[in-house]
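The chain contents come next:
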Amino acid sequence: MDKPQIILHSQKSVNYTVFDVKWIPTSAKFISLGNHARGTGALDIFEITHGDIAVVSQHEKPSAFKCGTFGASPTREKRHLATGNFDGYIQVWDLEKIETPIYSVKGHKEIINAIDAVGGLGIGQGAPEIATASRDGSVHIWDTRQAHAAVASMEPAEGETKRDCWAVCFGNAFNSSERVVCAGYDNGDVKLFDLRSMSLRWETNIKNGVCCLEFDRKDIEMNKLVATTLESKIHVFDMKTQHQEKGFASVVEKAHNSTVWIGRHLPQNRDVFMTCGGSGSYYLWKYNYPEKRTMTQTDKTEVGVAGTLTLLQNIGLSSQPASAFDWSLDKAGLACTSAFDQTVRVLITTKLNSI
């Protein structure tokens, strides 16, 4: 089997710290979100042209941006970008009229660390909902078609220690009523909330701060969940079978020799994902399923069986930590990424169809 190769296609320096990058649907363009030294927000649009990265437009906003998603955009053509900023605001922008947001609400008391969305762009059933996670310890669910209030909230109980929530993602959105949201916290807690029953479905602790969470697909019944953490750990949970006491089976891998900031599944193959580390390194993985994903115990209960991970390729791109990574939905292997060296990059990963 030919091994995939991760190739640096092009790169461009910017004059601000980049916290997130996202491909604009059905285009050769991507956006970067970040923080100018003076504390204002940067929202730049780039385009791949003639083998290089060209600046299409640059926009400065009053508050620094931390994260963004196109996942709740009504259509792939409308390209509505939802963002979370340092002042706790969730905002939605029409990239054709970017002067003022089409939706803006003070959603959190502190910085919004992470954002995810489902129901738009054909990724998942039901309403185009947005999830935000904040330093204030809460996770809120928003529907921009409704009034400026969260449609659901997961917050620390009164008297409970408030934990900084670093990661959030949607999953299980395979019909109009089912939906889960998973949240990760600075103390290693991972909590899975069922939005249909509005209950805590599962929780565990993986001992290190949870930097990133992502289901391999949002619009199918839960299959796998990747969690990346401080201190070099990657956890992959098999979400097919939940045992009442043991929860979900998982495999743990150590990599990057640094914090694993990001984990992103390849849209065209849910068993392949990229992780990005604090050392500026990028690792491409493949998940291998076991012969049987469930095992019947002596008490007749079923427990999940975890698979294994194969490292397909790795590359070092920066002396600074990676800050964001996004695969293209439209072209397999095309990705944009950023690091804390104030540089955005475009990568091409080859031979993915031979895996």
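All values reported here derive from a predicted model rather than from experimental measurement.

### A short note on the overall build of the protein chain
In step 1: Per the secondary structure count, the protein chain includes zero helices and 30 strands.
In step 2: A compact globule built from 355 residues should have a C-alpha radius of gyration of about 20 Å, and the protein chain, at 19 Å, falls within 12% of that.
In step 3: Each principal axis of the C-alpha distribution contributes one length, and for the protein chain these read about 65 × 50 × 35 Å.
In step 4: Residues classed as buried in the protein chain amount to 58% of the 355 residues present.
In step 5: Restricting the contact set of the protein chain to residue pairs at least 6 apart, pairs at least 24 apart contribute 50%.
In step 6: When the accessible area of the protein chain is evaluated, it comes to approximately 14,900 Å², of which 44% is carbon and sulfur surface.

### Considerations on the UniProt feature "repeat: WD" (unreviewed entry) in the protein chain
In step 1: UniProt records the feature "repeat: WD" (unreviewed entry) for residues 130-152 in the present numbering.
In step 2: Structurally, residues 130-152 comprises 0% helix and 48% strand, and the distance from its first C-alpha atom to its last is 10 Å.

### Side note on the state of the cysteines
In step 1: Enumeration over the complete set of coordinates arrives at zero disulfides.
In step 2: Not part of a disulfide, Cys336 finds its nearest cysteine sulfur in Cys276, a span of 11 Å.

### Overview of the sheet that holds strand 16 (residues 189-194)
In step 1: Taking strand neighbours across the sheet as the criterion, the four strands line up as 14-15-16-17 in an open arrangement whose pairing is antiparallel. Where the open sheet ends on each side, the last strands, each with one partner, are strand 14 (165-171) and strand 17 (199-205). Adjacent strand axes in the sheet meet at a mean angle of 15 degrees, parallel and antiparallel pairs treated alike.
In step 2: Strand direction decides the pairing type here: strand 15 (residues 180-185) and strand 16, joined by five bridges, are antiparallel. Bridge pairing in strand 16 links Val180 to Asp194.

### Structural notes on the environment of Ile53
In step 1: Looking at the secondary structure, you find Ile53 in strand 5 (residues 52-61).
In step 2: A relative accessible area of 2% means that Ile53 is categorised as buried.
In step 3: Taking the C-alpha atoms as reference points, Ile53 and Lys29, separated by 24 residues in sequence, lie 9.1 Å from one another.

### Structural notes on the pattern of salt bridges
In step 1: Here the structure, examined in full by the defined rule, presents 13 salt bridges.
In step 2: Two residues, Glu178 and Arg196, come together in a salt bridge whose shortest N-O distance is 2.9 Å. Of the two residues, Glu178 is situated in the loop between strand 14 and strand 15 and Arg196 in the loop between strand 16 and strand 17; the sequence distance between them amounts to 18 residues.
In step 3: Its salt-bridge partner being Asp271, residue Lys224 comes within 2.7 Å of it at the nearest N-O pair. You can see Lys224 sitting in strand 19 (residues 224-229) and its partner Asp271 sitting in strand 23 (residues 269-277), a full 47 residues away along the chain. Accessibility assignment for this pair places Lys224 and Asp271 in one class, buried.

### A word on the environment of Ala324
In step 1: For Ala324, the position within the fold is in strand 28 (residues 322-327).
In step 2: The class for Ala324 is buried, based on a relative accessible area of 3%.
In step 3: Excluding residues that lie within four positions of it along the chain, Ala324 makes contacts with Phe19, Asp20, Val21, Ile262, Cys336, Thr337 and Ser338.

### Here we look at the sheet that holds strand 7 (residues 80-85)
In step 1: The strand order across the open sheet built from four strands is 6-7-8-9, with neighbouring strands paired in antiparallel fashion. The sheet is open, and its two borders are formed by strand 6 (65-69) and strand 9 (103-106), each paired with just one other strand. Between one strand axis and the next, the sheet turns through 20 degrees on average, direction left out of account.

### Points about the pairing of strand 24 (residues 281-288)
In step 1: Most of strand 24 is tucked away, with six of its eight residues classed as buried.
In step 2: Where strand 23 and strand 24 come together, five bridges link them in antiparallel fashion. Following the sheet pairing, Val272 is matched in strand 24 by Lys286.
In step 3: Remark: three residues form the turn of the hairpin made by strand 23 and strand 24, two consecutive strands paired antiparallel; Gly280 in that turn has positive phi of roughly 80 degrees.

### Quick word on the packing of aromatic side chains
In step 1: In the structure shown here, the tally under the stated rule is 11 aromatic pairs.
In step 2: Ring-pair connections join several aromatic residues into one group, and the members of that group are Phe19, Phe86 and Phe340.
In step 3: Sitting over the face of the ring of Tyr185, Lys191 holds its NZ or CZ atom 5.6 Å from the ring centroid.

### Some thoughts on the environment of Ser258
In step 1: Turning to its location among the elements, Ser258 is positioned in the loop between strand 21 (247-254) and strand 22 (260-266).
In step 2: Along the primary structure Ser258 and Ser281 are separated by 23 residues, whereas in three dimensions their C-alpha atoms are 9.3 Å apart.
In step 3: Among residues more than four places away in sequence, those in contact with Ser258 are Glu231, Ser232, Gly277, Gly278 and Ser279.

### Looking at unusual backbone geometry
In step 1: Phi at Thr26 is positive, roughly 50 degrees, even though this residue is not glycine.
In step 2: Along the chain, Thr26 turns up in the loop between strand 2 (17-23) and strand 3 (29-35).
In step 3: With phi around 75 degrees, Lys300 is a residue other than glycine that occupies positive phi space.
In step 4: Looking at where Lys300 falls in the secondary structure, it is placed in the loop between strand 25 (294-296) and strand 26 (302-304).

Criteria and cut-off values
- Residues numbered from 1 in each chain as written.
- Predicted model: local features only at pLDDT ≥ 70, side-chain atom pairs only at ≥ 80, totals over all residues.
- Heavy atoms only, no water.
- Helix = DSSP H or I, 4+ residues; strand = E, 2+ residues; numbered from the N terminus.
- Rg over C-alpha atoms; globule rule 2.2 N^0.38 Å.
- Buried < 20%, exposed > 50% of the residue type's maximum accessible area, 1.4 Å probe, protein only.
- Contact = heavy atoms within 4.5 Å.
- Areas by Shrake-Rupley, 256 points an atom, 1.4 Å probe, with all protein chains shown as cover.
- UniProt positions renumbered as here; feature names shortened; annotations may be inferred.
- Disulfide = S-S within 2.5 Å.
- Pairing = 2+ DSSP bridges.
- Axes fitted to C-alpha atoms, helices over the stretch in contact; angles between N-to-C directions.
- Salt bridge = Lys/Arg side-chain N within 4 Å of Asp/Glu carboxyl O.
- Phe/Tyr/Trp six-rings, centres within 6.5 Å; stacked < 30°, edge-to-face > 60°.
- Lys NZ or Arg CZ within 6 Å of the ring centre and 35° of its normal.

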